[in-house]
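Residue-level structure breakdown
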Amino acid sequence: TSGHLRHVESMAQLPSGAGRISHLNAVVLGESLASEEHDLVFPSPEFSSQALLSSPEHGFWSEIAKEFYWKKGWGDGPIVEQNLDVRKGTVKIEWFKGATTNICYNALDRIIGRGDGNKIALYWEGNEPGHDAKLTYNELLEKVCQLANYLKDIGVKKGDAVVIYLPMLMELPIAMLACARIGAVHSVVFAGFSAESLAQRILDCRPKVIITCNAVRRGPKVIHLKDISDAALLECVNNGVSVGVCLTYENQSAMKKEATKWVEGRDIWWQDVTPKYPTTCAVEWVDAEDSLFLLYTSGSTGKPKGVLHTTGGYMVYTATTFKYAFDYKPSDIYWCTADCGWITGHSYVTYGPFLNGASVLVFEGAPNYPDAGRCWDIVDKYKVTLFYTAPTLVRSLMREKTEYVTRASRKSLRVLGSVGEPINPSAWRWFFNVVGDSRCPISDTWWQTETGGFMITPLPGAWPQKPGSATFPFFGVQPVIVDEKGNEIGGECSGYLCIKSSWPGAFRTLYGDHERYETTYFKPFPGYYFTGDGCSRDGDGYHWLTGRVDDVINVSGHRIGTAEVESALVSHPQCAEAAVGIYAFVTLIDGVPYSQELRQSLVLAVRSQIGAFAAPDKIHWAPGLPKTRSGKIMRRILRKIASRQLDELGDISTLADPSVVDQLIALTDS
Ligand code: WTA
């Protein structure tokens, strides 16, 4: 009965529900009688082969994928090819391979084709209240086509990289979609990154063009992005890489054209060229597995990783997760506060919402400018129904007077969303009770740059929530919790979060470094994708994310590697060693005296090499660091010293030199 066996295997990959009862025995109907109370009773192969949904791979996702336009279909074969087990060879994930499509066509032309051309695609709210703009789907497509035609004209072809270094102007999603239309691979760099970080990314992906703007206002500050781009491009030239074109959008509200420094022959004003091009542009049909974008993200060691996403699976996955996790309806007005420089802005500002034909609000400014009520004023102004943000923003607004919230009606709100880090129950309750007037479910979406879309998330209308829990896996996703040895643990438990089997939105590799991809994500627990997060599961099967278990930290919802900050500190000529939790312990070169000036210049090193958002809040002088005899820094002890939990230091006898602990404690407030 090999047919039966094969069938049991594919059923064993079923999602959520089945995962929660994995300790049960499997029985195939027709093979033996279902007698034991707790047996799993599977459908017969005859039934499954005729069923609308059989396995997540073959039934569910191919049905969903038919809602999109494919120039050429994927035929009758399996829609997924995968090997996640390093012991069996190279890790490979492919969905809908051989089928051809275009994500820009699906996000714009297809929506217009179904009659929504005059619907608002983008609402834009500027930094200053009262400064706004909007585009219908028809208008958005025209702008995208003009830029796409220009890019083609200067020689950008399918597969070429384009770096986008823009703030939250409408031109940012426009530029992403224009790249996608012609098959170019965009790499958006968050506009808070420094020249050095930008240069590092340009050197890795070698774009033909960089798209930026002269400056932007965020709150009361003006940030000169063109100057930062110039510095980055100079740094690249010094490393033998020159980028041919720097396409610069003139952001008049922040800076005049005349004041912008200019490199003749390389720099081009966006507004000078794009209006000259036709407002239609033929689509480049690409394979489902052709690259869509690269997005650099922090790892626990070394340089940032170029996470590579491809087209077909990502398209189907972002659209579907958006629709169900936010209970999307065509009348919704959707606002996600994330910047397109992060994955959230890729999947849930640009692609997921437009693929559903949604009206999306983009906000240029800062959430506390001109005051702490700005977000709720914006919600009222646009009648926002779906509001998606990060716990860091919730916590910062929660500290302000409740009147900032209650002066706005917020009646339009329907669903609230949270992403980026665990939302602590008290922030959850404030978000739910105060912002949402206890009527709006909260979708606490757990996912990662690597996963492309939501992995563990509430379906807001479907099941009860627990403040602080991301609840259950999305359709087809199979999270497992493993112990240190990589054994799956069932029931109520706590351990490392891994994913079994692939999902359409999964990243396919790290750009130019498939080996690092395998080492980082698939070798720690062979047979699984390792997320880097800790997780516990309660008696009701709810998932509780407990944060990173590697050396990646979350600063105001921004993901950075401790190694990146450390290397910026250590690059300072007077610094010998550093260990970071963004509360930085810094060891100076022997004989250098402690001083406030030195502290400031260390912080400056991090600001200029990574970006202001990564600057340590506190520098703690460290004559030495607590290390094991093999030289590993015991971060656990540093965390306790930093949080003044001195009676919880635990066993320090394994340290190479236990006396450093007392020295560190003595320097706590110096
Ligand atoms: C964390 C952001 C708890 C987690 C989409 C993950 C979360 C990392 C949640 C990925 C959540 C994200 N609850 N933790 N709802 N969402 N995280 O790549 O540690 O910037 O591994 O992607 O953020 O950060 P990234």
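Residues numbered from 1 in each chain as written. Predicted model: local features only at pLDDT ≥ 70, side-chain atom pairs only at ≥ 80, totals over all residues. Heavy atoms only, no water.

The chain goes by Acetyl-coenzyme A synthetase in an unreviewed UniProt entry, where it is assigned to Spirodela intermedia. Under Sequence similarities (unreviewed entry), UniProt gives the following word-for-word description of the chain: "Belongs to the ATP-dependent AMP-binding enzyme family." (UniProt positions renumbered as here; feature names shortened; annotations may be inferred.)

Moving on, we come to the overall build of the chain. Looking only at helices and strands, one finds 21 helices and 33 strands in the chain. Relative to a compact globule of 670 residues, whose C-alpha radius of gyration would be 26 Å, the chain shows 26 Å and is just as compact. With the principal axes as the frame, the chain shows a C-alpha extent of 80 × 70 × 55 Å. Per-residue burial for the chain yields a buried fraction of 58% across its 670 residues. With an accessible surface of roughly 26,900 Å², the chain has 52% of that area assigned to carbon and sulfur atoms. When the 66 basic and 74 acidic side-chain charges of the chain are each reduced to a single mean position, those positions are 3 Å apart. (Helix = DSSP H or I, 4+ residues; strand = E, 2+ residues; numbered from the N terminus. Rg over C-alpha atoms; globule rule 2.2 N^0.38 Å. Buried < 20%, exposed > 50% of the residue type's maximum accessible area, 1.4 Å probe, protein only. Areas by Shrake-Rupley, 256 points an atom, 1.4 Å probe, with all protein chains shown as cover. Lys, Arg positive; Asp, Glu negative; His and termini not counted. Charge placed at Lys NZ, Arg CZ, Asp CG, Glu CD.)

Turning next to the site of the ligand. Lining the immediate surroundings of the ligand are 16 residues, of which Asp-444, Thr-445, Thr-449, Arg-548 and Arg-559 lie closest. The side chain of Asp-444 places a nitrogen or oxygen atom 2.7 Å from a nitrogen atom of the ligand. Expressed as a share of its isolated accessible area of 530 Å², the protein-covered part of the ligand is 95%. Taken together, the elements giving at least two residues each to the shell around the ligand come down to helix H12 (343-355) and strand E28 (543-548). Each residue belonging to the shell around the ligand can be placed in one class, and the counts come to 6 nonpolar, 5 polar and 5 charged. (Near = heavy atom within 4 Å. Polar contact = N/O pair within 3.5 Å; in protein donor to acceptor, adjacent residues only side chain to side chain. Nonpolar A, V, L, I, M, F, W, Y, C, P; charged D, E, K, R; others polar.)

Our next topic: the state of the cysteines. Throughout the structure, instances matching the rule amount to 0 disulfides. Between Cys-205, a free cysteine, and Cys-236, which holds the nearest cysteine sulfur, the sulfur-to-sulfur gap is 9.3 Å. The class of Cys-205 is buried, set by a relative accessible area of 4%. Between Cys-246, a free cysteine, and Cys-213, which holds the nearest cysteine sulfur, the sulfur-to-sulfur gap is 10 Å. (Disulfide = S-S within 2.5 Å.)

The subject of this paragraph is the sheet that holds strand E33 (residues 618-621). Strands pair in a sheet through their backbones, by hydrogen bonds, and they do so in one of two ways: parallel or antiparallel. Judged by pairing direction, the sheet is mixed, and its 3 strands sit side by side in the order E31-E32-E33 without closing on themselves. The two strands at the open ends of the sheet, each matched to only one other strand, are strand E31 (575-580) and E33. Between one strand axis and the next, the sheet turns by 30° as a mean value, whatever way the strands run. Of the strand pairs in this sheet, strand E32 (residues 583-588) and E33 are connected by 4 bridges, and their pairing is parallel. (Pairing = 2+ DSSP bridges. Axes fitted to C-alpha atoms, helices over the stretch in contact; angles between N-to-C directions.)

Turning to the pairing of strand E20 (residues 386-389), a few remarks are in order. Across the two faces of E20 the burial is the same, with Leu-386 and Tyr-388 and Phe-387 and Thr-389 all buried. Inspection of the sheet shows strand E18 (residues 333-336) paired to E20 by 3 bridges, in the parallel sense. For Cys-336, the partnering residue across the bridge sits in E20 and is Tyr-388. Of the pairings in the sheet, the one linking E20 to strand E21 (residues 415-418) comprises 4 bridges and is parallel in character. Bridge pairing links Phe-387 to Leu-416 in E21.

A few words on the pattern of salt bridges. Applying the stated criterion across every chain, the model contains 34 salt bridges. For Asp-132, the salt bridge identified is with Lys-381, shortest N-O distance 2.7 Å. Of this pair, Asp-132 sits in strand E7 (residues 132-136) while Lys-381 is found in helix H13 (residues 374-382), placing the two residues 249 residues apart along the sequence. With relative accessibility at 40%, the residue Lys-381 sits in the partly exposed group. Between Glu-566 and Arg-635 there is a salt bridge, with the nearest N and O atoms lying 3.1 Å from each other. Highlighted residues: Glu-566 in helix H18 (residues 562-570) and Arg-635 in helix H20 (residues 635-642), separated in sequence by 69 residues. Both residues of the pair, Glu-566 and Arg-635, belong to the buried class. (Salt bridge = Lys/Arg side-chain N within 4 Å of Asp/Glu carboxyl O.)

The next thing to look at is the environment of Lys-303. By secondary structure assignment, the location of Lys-303 is in the loop between strand E16 (291-297) and strand E17 (305-310). In contact with Lys-303, other than residues within four places in its own chain, are Gln-200, Asp-204 and Arg-516. (Contact = heavy atoms within 4.5 Å.)

Turning to the side chain of Arg-374, a few remarks are in order. Inspection of the secondary structure puts Arg-374 in helix H13. Look at Arg-374 and you get buried, because its relative accessible area is 3%. In this structure the side chain of Arg-374 is engaged in a polar contact, spanning 2.7 Å, whose partner is the backbone oxygen of Asn-127. Excluding anything up to four places from it in sequence, Arg-374 contacts Glu-125, Gly-126, Asn-127, Glu-128, Pro-129, Phe-363, Ala-366, Pro-367, Tyr-369 and Arg-407.

A few words now on the packing of aromatic side chains. Two measures describe an aromatic ring pair: the distance that separates the ring centres and the angle between the ring planes. Inspection of every chain in the model, using the stated rule, returns 57 aromatic pairs. Both rings, one in Phe-190 and one in Phe-193, keep their centres 6.1 Å apart while their planes meet at 80°; by these two values the pair is edge-to-face. When its relative accessible area of 5% is taken as the criterion, Phe-193 is described as buried. A centroid spacing of 5.4 Å and a plane angle of 65° characterise the contact between Trp-376 and Phe-387, whose relative ring orientation is edge-to-face. With a gap of 11 residues between them, Trp-376 in helix H13 and Phe-387 in strand E20 connect regions that are remote in the sequence. Of the two residues examined, Trp-376 and Phe-387, each falls in the buried class. Members of the aromatic cluster, each reached through a chain of ring pairs, are Phe-322, Phe-326, Tyr-328, Tyr-334, Tyr-348, Tyr-388, Trp-447 and Phe-454. Over the aromatic face of Phe-193 sits the side chain of Arg-201, whose NZ or CZ is 4.3 Å from the ring centroid. Geometry around Tyr-542 places Lys-466 over its ring, the cationic atom sitting 4.4 Å from the centre. (Phe/Tyr/Trp six-rings, centres within 6.5 Å; stacked < 30°, edge-to-face > 60°. Lys NZ or Arg CZ within 6 Å of the ring centre and 35° of its normal.)

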